[in-house]
Amino acid sequence: MNSRKSSPPADNGGKSASARPAQEYHTTALVLQGGGALGAYQAGVYEAMAEAGRHPNWVAGISIGALNAAIIAGNPPERRVERLREFWQTICQPPLLPALGLPALPDGQAWPASALGAMSGWAAWRALTEGQAGFFTPRLPPPYLQAPDGPASASYYDTAPLRGTLERLADFDRINDPRTLRVSVGAVNVRTGNFAYFDSTQQRLRPEHFMASGALPPGFPAVEIDGEFYWDGGMVSNTPLYRVLTEQPRRDTLVFQVDLWSAAGTLPQDMLQVAERSKEIQFSSRTRLVTEHMRTVQEQQRLLHDLMALVPADRRGDPAFRRAEARANGALVNVVHLIYRDKPYEGNYKDYEFSAATMQEHWRSGVDDMRKTLGHAHWLDLPDPARPFVTHDAHRGEAS
């Protein structure tokens, strides 16, 4: 059975009046989906959270979400946005030739989608052929021209530069300090095919835990951790939402779920659209399905919790009561959902289009969406016990 308790010491960086409702929750979690270059949207979401004084005490991520989590957890609150920006400015630079871009137009004018699409496609092609500074470089000669050399090099790209970037921009002593944020990242054991979470409350997290979470084959190599090799967690589940919502014991929880892929979309009309739509379906990880399942479970457990309060005291030693007590849960859960919305010029390569201009557009979208969400201040209130699990989405309107 759950009772509302005060939050553990939070890495708040100072409280503001606007942050009051979130402090009533035991857990405020930031949950970050995978999506490659689209992850700059998550950085924008966090910037808007920080400017409103809303700081999570648990951050969980998959793939690029895990990398963003490392930067957030690896810095004090007052430096997180600055470090996120430095991280994205680093990995959105081509390693060889200078970046190209369209010149700025006078106020009120914009380049047509066809021109933006052409530049976006060019940037994606450069990422494939040159790699991205501080992130990954092509293997030369390519792997099909080399003799097999084990799982750590069986990939088209080498991610060794990413380790240096993480070590430069994230303090791993802070990541593993129990007085700051809790951190969880997901990966897949290549040998067993089983999903694994690496959690700062259970083990010491190192750069390789975050790199493993984003090691999507065949582009990136498997990462060795304690004798086992791991690939990108998005191969099994691209969001750690279920991990957060099934934490034991259950506590009153506010979740900011930030997705980079939308499960809903348009019917594809050509092969490029088929490639894009298939990615969206594969990597959206059915977030809404998970949310609805957890809503049903939570409502049933809350009902059991309330019914047990009606049992006379002299019957509470009964074995049946004890079994029910172990299954009851009075926690209140609020999931605030943000989903990146595609731009008209983006194609099926949007997850590896790392141009600085597109990164900045993704970032601005995240800031705008989070500000809009936080404009509904009552959305962050604790749910009523009669509705112990609620969700909100600025793109869909009121609570559901």
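Residues numbered from 1 in each chain as written. Predicted model: local features only at pLDDT ≥ 70, side-chain atom pairs only at ≥ 80, totals over all residues. Heavy atoms only, no water.

Caption draft 1: Here's a closer look at the environment of W111. Within the secondary structure layout, W111 lies in the loop between α3 (80-91) and α4 (113-130). Classification of W111 by relative accessible area gives partly exposed; the value is 32%. Residues contacting W111, with those up to four places away along its chain left out, are L102, P103, L105 and L116. (Helix = DSSP H or I, 4+ residues; strand = E, 2+ residues; numbered from the N terminus. Buried < 20%, exposed > 50% of the residue type's maximum accessible area, 1.4 Å probe, protein only. Contact = heavy atoms within 4.5 Å.)

Caption draft 2: Local environment of the confidence of the model for the protein. Per-residue confidence for the protein gives a mean pLDDT of 89, with 93% of residues at or over 70. The low-confidence segment residues 1-10 (pLDDT under 50) makes 25 contacts with residues lying over four places distant or belonging to another chain. Every residue in residues 12-23 scores below 50 in pLDDT, and together they form 20 contacts with partners more than four places removed in sequence or on other chains. (pLDDT = per-residue confidence, 0-100.)

Caption draft 3: A look at helix α10 (residues 287-308). Here α10 is 22 residues long and its end C-alpha atoms lie 31 Å apart, about the 32 Å a rise of 1.5 Å per residue gives. Of the residues making up α10, those classed as buried are T287, T291, M294, R295, V297, Q298, Q301, R302, H305 and M308. The inward-facing, buried residues of α10 abut α8 (241-245), β9 (253-259), α9 (271-284), α11 (319-327), β10 (333-339) and β11 (389-393). (Expected span 1.5 Å × (residues − 1).)

Caption draft 4: Region of interest: unusual backbone geometry. Going from L140 to P141, the amide bond is cis rather than trans, its omega being -5 degrees. Tracing the chain through its elements places P141 in the loop between β3 (137-138) and β4 (157-158). Note that the residue after P217, namely P218, is joined by a cis bond; omega there is -5 degrees. Topologically, P218 is positioned in the loop between α7 (207-213) and β7 (223-225).

Caption draft 5: Region of interest: the pattern of salt bridges. A complete count under the given rule lists 27 salt bridges for this structure. Put simply, R206 and D226 hold a salt bridge, and the shortest N to O gap is 3.5 Å. Taken as a pair, R206 in the loop between β6 (195-199) and α7 and D226 in the loop between β7 and β8 (228-232) lie far apart in primary sequence, 20 residues in all. When its relative accessible area of 28% is taken as the criterion, R206 is described as partly exposed. By relative accessible area, which is 65% here, D226 ends up exposed. Here the residues in one salt-bridge network are R163, E167, R206, E208 and D226, joined through shared partners. (Salt bridge = Lys/Arg side-chain N within 4 Å of Asp/Glu carboxyl O.)

Caption draft 6: A look at the pairing of β11. β11 sits mainly inside the fold: five of its five residues count as buried. Burial along β11 is two-sided: the face carrying F389, T391 and D393 and the face carrying V390 and H392 are both buried. In the sheet, β10 pairs with β11 via five bridges, with the strands oriented parallel. When the sheet's bridge partners are listed, V333 is paired in β11 with F389. (Pairing = 2+ DSSP bridges.)

Caption draft 7: Summary view of the environment of N334. Relative to the elements of secondary structure, N334 occurs in strand β10. Sequence-wise, N334 and V390 are 56 residues apart; in three dimensions their C-alpha atoms are separated by 5.0 Å. With residues near it in sequence (within four places) discarded, N334 still touches Y25, T253, L254, V255, W379, L380, D381, P383, V390 and H392. A polar contact of 3.3 Å, which involves the side chain of N334, links it to the side chain of Y25. (Polar contact = N/O pair within 3.5 Å; in protein donor to acceptor, adjacent residues only side chain to side chain.)

Caption draft 8: Inspection of a nonpolar patch on the surface at higher detail. A surface patch of nonpolar side chains, about 350 Å² in accessible area, is lined by L100, W122 and W125. Here W125 is to be found in helix α4. (Patch = residues over 30% accessible without salt bridge, like charges linked within 9 Å, V, L, I, M, F, W, Y side chains within 5 Å. Areas by Shrake-Rupley, 256 points an atom, 1.4 Å probe, with all protein chains shown as cover.)

Caption draft 9: Local environment of the packing of α3 against helix α5 (residues 160-169). Contact geometry of α3 with α5 gives a least axis separation of 11 Å together with a crossing angle of 160 degrees. The angle between α3 and α5 places the two elements in the roughly antiparallel class. Our pair here, α3 against α5, has a crossing hand that is right-handed. Residues R83, E86, F87 and T90 of α3 pack against L162, T165, R168 and L169 of α5. Residues of the contact of α3 with α5, tallied by class, amount to three nonpolar, two polar and three charged. (Axes fitted to C-alpha atoms, helices over the stretch in contact; angles between N-to-C directions. Parallel < 35°, antiparallel > 145°, perpendicular 65-115°, else oblique. Left-handed = near helix turned anticlockwise from the far one by under 90°. Nonpolar A, V, L, I, M, F, W, Y, C, P; charged D, E, K, R; others polar.)

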